Amino acid sequence: MMRWAALPRAINAGKPLPMADLRSFLESEGMADVRTILASGNAIFSCGADAAVIEARLEEAAKARLSLDTTWFVRSHAELAAIAATAPFPEAIAARPNHVQVLFYRQPLDPARMEELVASYNGLEQVLAIGRELYVDYPEGIGRSRFSALLTKGKLPPSTGRNWSTLLKLVEATR
């Protein structure tokens, strides 16, 4: 069985779910060795299925059993470790890890679309899309940034974000 991190979108940032309830839900769905990290829906577990199967299963079950309609993103330890190893903004990560965020998507982002979005914006953020992740350095903080609104207006698919500090916790917890 493989260790996975589940990153449901917007948990306790618009969609309340106590972590004890999340653990119970995952266990009832057959996940083993379940634990949660922080109160934002990060869950670690073992399961023999692949990521796409787990994501679909959790979305369907969460709607039915928890009345929770949200997108689930699942990554393995190897995937999370590779994301962390990329570390595209080392100075920002060292200075302000909570302002560097990784946005997780289901499919790789269209490089031409991302280039177009970034070119239309002249803010302070550094942005890099690699595969299914978008790395963003928010030097003045996410709350003050107009870049997040640009991503919404750009009609990108659903995503969920985790800051660099949380990403490192997920890497360690999935070992």
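Now for a quick tour of the structure.

What counts and how
- Residues numbered from 1 in each chain as written.
- Predicted model: local features only at pLDDT ≥ 70, side-chain atom pairs only at ≥ 80, totals over all residues.
- Heavy atoms only, no water.
- Phe/Tyr/Trp six-rings, centres within 6.5 Å; stacked < 30°, edge-to-face > 60°.
- Helix = DSSP H or I, 4+ residues; strand = E, 2+ residues; numbered from the N terminus.
- Buried < 20%, exposed > 50% of the residue type's maximum accessible area, 1.4 Å probe, protein only.
- Lys NZ or Arg CZ within 6 Å of the ring centre and 35° of its normal.
- 1 Å grid on protein atoms, 1.4 Å probe; cavity = no way out; pocket = protein on both sides within 12 Å on 5 of 7 lines; lining within 4 Å.
- Points joined across faces, edges and corners; volume = space filled by probe spheres on them.
- Nonpolar A, V, L, I, M, F, W, Y, C, P; charged D, E, K, R; others polar.

The next thing to look at is the packing of aromatic side chains. Tallied over the entire structure, the rule returns 3 aromatic pairs. Plain terms: the ring middles of Phe25 and Trp72 are 6.0 Å apart, the flat faces sit at 40° to each other, and that makes the pair tilted. Residue Phe25 is found in helix H1 (residues 19-28), and its partner Trp72 is found in strand E4 (residues 72-76); the two are separated by 47 residues along the sequence. Exposure remark for Trp72: the relative accessible area of 0% places this residue in the buried category. Taking the ring centre of Phe73 as reference, the NZ or CZ of Arg106 above it sits at 5.7 Å.

Moving on: the layout of surface pockets. Taken as a whole, the largest pocket encloses approximately 310 Å³ of empty space. Arg9, Ser148, Leu151, Thr152 and Ser159 are the residues nearest the centre of the largest pocket, which is lined by 15 residues in total. For the lining of the largest pocket, the secondary-structure elements that each account for two or more residues are strand E5 (100-104), helix H6 (147-153) and strand E8 (160-163). Ranked by residues supplied to the lining of the largest pocket, first place goes to H6 with 3 residues. The residue makeup of the lining of the largest pocket, split by class, is 7 nonpolar, 6 polar and 2 charged.

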